[in-house]
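This is what each chain is made of:
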Amino acid sequence: GWPNGGSRDLYFIPDGGNQVNLGSFSNGDPWTMTISIPNGTGNGNHIIRAERLAGTEAFATNQSFQIPCPSPDFIVGQPSLLQAPPIGGEDLLSYEVVISNFGQADAVGQFFVSLYYDPSPAPTSSDINIDQAFRSDIVAITDLALGDSKTVTVTADYGFGNNGDHVVYAVVDSEDDVLEMDETNNISPPLTVYVDPSGQGTPTPTATPGPSPTPGPSPTPSMTGELAGITYLTVQGGMPLPQSNVEVKIYDESIPSSSPQITFSASEPDTGLYFLSNLATGSYTITACITIDSSEYFYLVTGVMIDPGLRTMRNLYLQEGMCL
C-alpha cells in the first residue's frame, strides 16, 4: 500500500546498537528480499526497518526478531516412586515425573519421556541423553505450552534384579524431537531405590504352563526367520498414522512361560518401522503398546507364523485400550 516512486531502503537496528543500511530493495508490490544479518550480531531483540521516501513524505515499518530464536526449554523433575517399600528385585515399578516448559515458545507436536535404570557411566551435567541400552520405559507427550507442566506416569518394563541401591533417571525429549534453547537440562536428578533382600517382589502373571515341546534338533541359522512391519496409531474417527517408539513384544507360543523378545519401532525417521531377526521357526503372539498423554494404546495378534529363511510382514494397528 505504499505510494509508487521514491526510495526504498532496508535497515538493521541491532539491540543497543546503531542502525546499519542493508541497501535498497527492488520495485514491485508485493516484493520479497532475503536479508543477511551482519556477522558478529549478538543475542538480543533486533529490528529490521523498511523505509520509503516519496517526495517529502516518509513511510516506514519495523519488524522485530530475537536471537536466539524463541524455542521451548524442557526441565524434568526427579522421578517419584509410586510403590511403598519393601521393593523386590522383580517388581515392575511405576514413577511419576513432572516435566515443564520454561522456554520462550510452546512445544508443538509429539515428544517422549524415557525412564532409565542404572546407567553406566552416570550422566554428567553436560550430557544431553542417556544410552538407550539402559532405557526401561518410554511414553509419548503431545504439546506442552510455554509455562505449563505435566505429570507423566512411567512404568518400568523390568525389575532391578539385584539387591541393594539402584539409580533411576528420567529424560524429557529423549528422542530429540524438539529444538530447545538448552539441550543439557533434560536429564532429571537421580532417584535412589533400595531393593530389600526381604522384599519378595510382586509376582509377574504368566500364562498357564502348557505341555513342554518335544525336544528336537538344535536350530541352525538357516532355520530362523525375521519379522517386520509398521506400527500405526488409530485415533477414533481418524486414519491410521505411523507411530514411533511403540514397544513391540513377541512371544513364542510353543513356550508359554518364556520371556518375550522386545523392540521399539523406529523414531528417526518417523516411519513406525519395527524389525526382529533370528526368530526360531514357529507360531508367535505379538503385542504392541504405547502411552500417549496418560492414555494407553494397544494391539494384539496371535498365530503369526515365522518361516525359515523368510521375512514375515505384519503391520500393527494400535487403538486406545489397556496394555497387557
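Residues numbered from 1 in each chain as written. Predicted model: local features only at pLDDT ≥ 70, side-chain atom pairs only at ≥ 80, totals over all residues. Heavy atoms only, no water.

(A) Layout of the packing of aromatic side chains. In this structure the tally under the stated criterion is 6 aromatic pairs. Consider the rings of F12 and F65, whose centres lie 6.2 Å apart with planes at 25°: the pair is stacked. Within this pair, whereas F12 is found in strand β1 (residues 7-13), its partner F65 is found in strand β4 (residues 57-67), the two being separated by 53 residues in sequence. Look at F12 and you get buried, because its relative accessible area is 1%. You can call F65 partly exposed: its relative accessible area is 23%. Summarising the aromatic geometry, the rings of Y117 and Y158 are spaced 5.8 Å apart at their centres and angled 90° between planes, so their arrangement reads as edge-to-face. In this pair, Y117 is assigned in strand β8 (residues 107-117) and Y158 in the loop between β10 (149-155) and β11 (164-172), connecting sequence segments 41 residues apart. (Phe/Tyr/Trp six-rings, centres within 6.5 Å; stacked < 30°, edge-to-face > 60°. Helix = DSSP H or I, 4+ residues; strand = E, 2+ residues; numbered from the N terminus. Buried < 20%, exposed > 50% of the residue type's maximum accessible area, 1.4 Å probe, protein only.)

(B) A look at unusual backbone geometry. With omega at -5°, the peptide bond leading from I67 into P68 counts as cis. Along the chain, the position of P68 falls in the loop between β4 and β5 (74-76). For the bond from P85 to P86, the omega torsion is 0°, close enough to zero to count as cis. One non-glycine residue with positive phi stands out, namely D173, at about 55°. Given the relative accessible area of 2%, D173 is considered buried. Although it is not a glycine, S294 sits at a positive phi angle of roughly 70°. Among the secondary structure elements, S294 is positioned in the loop between β18 (282-292) and β19 (295-306).

(C) Looking closely at the nonpolar core. Core analysis: the largest hydrophobic core is formed by 26 residues, its most contacted members being Y95, I99, F111, Y117, F160, V168 and V193. For this core, the secondary-structure elements that each account for two or more residues are β5, β7 (94-101), β8, β9 (135-144), β10, β11 and β12 (191-195). The leading source of residues in this core is β8, at 5 residues. Sequence-distant contacts of F160, that is, excluding residues within four places in its chain, are made with G89, L93, Y95, Y117, D118, H166, V168, V193 and V195. The next biggest cluster of nonpolar side chains, apart from the first, holds 23 residues, and it includes I250, Y274, A288 and L318. (Core = buried A, V, L, I, M, F, W, Y, C linked by side-chain atoms within 4.5 Å. Contact = heavy atoms within 4.5 Å.)

(D) Here's a closer look at the confidence of the model for the protein chain. Of the residues in the protein chain, 88% reach a pLDDT of 70 or more, and the chain-wide mean stands at 87. Low pLDDT, under 50, characterises residues 202-213; the predicted model gives this stretch 8 contacts beyond four residues in sequence or across chains. (pLDDT = per-residue confidence, 0-100.)

(E) Looking closely at the pattern of salt bridges. Using the criterion set out here, one finds 4 salt bridges in the structure. Across the pair E51 and R49 runs a salt bridge whose closest N-O atoms are separated by 2.6 Å. Overall, R49 belongs to the partly exposed group, its relative accessible area being 22%. (Salt bridge = Lys/Arg side-chain N within 4 Å of Asp/Glu carboxyl O.)

(F) Focus on a nonpolar patch on the surface. Nonpolar side chains collect at one region of the surface, where M33, I35 and I37 lie side by side and expose about 200 Å² of accessible area between them. With respect to the element layout, I37 can be found in the loop between β2 (20-24) and β3 (44-54). Residue classification places I37 among the partly exposed positions, given a relative accessible area of 33%. (Patch = residues over 30% accessible without salt bridge, like charges linked within 9 Å, V, L, I, M, F, W, Y side chains within 5 Å. Areas by Shrake-Rupley, 256 points an atom, 1.4 Å probe, with all protein chains shown as cover.)

(G) Molecular detail of the sheet that holds β3. The strand order across the open sheet built from 4 strands is β2-β1-β3-β4, with neighbouring strands paired in antiparallel fashion. Bordering the open sheet on either side are β2 and β4, each of which pairs with just one other strand. Each adjacent strand pair in this sheet contributes to an overall mean axis angle of 20°, direction not counted. Here β1 pairs with β3 via 7 bridges, running antiparallel. Bridged to F12 within β3 is I48. (Pairing = 2+ DSSP bridges. Axes fitted to C-alpha atoms, helices over the stretch in contact; angles between N-to-C directions.)

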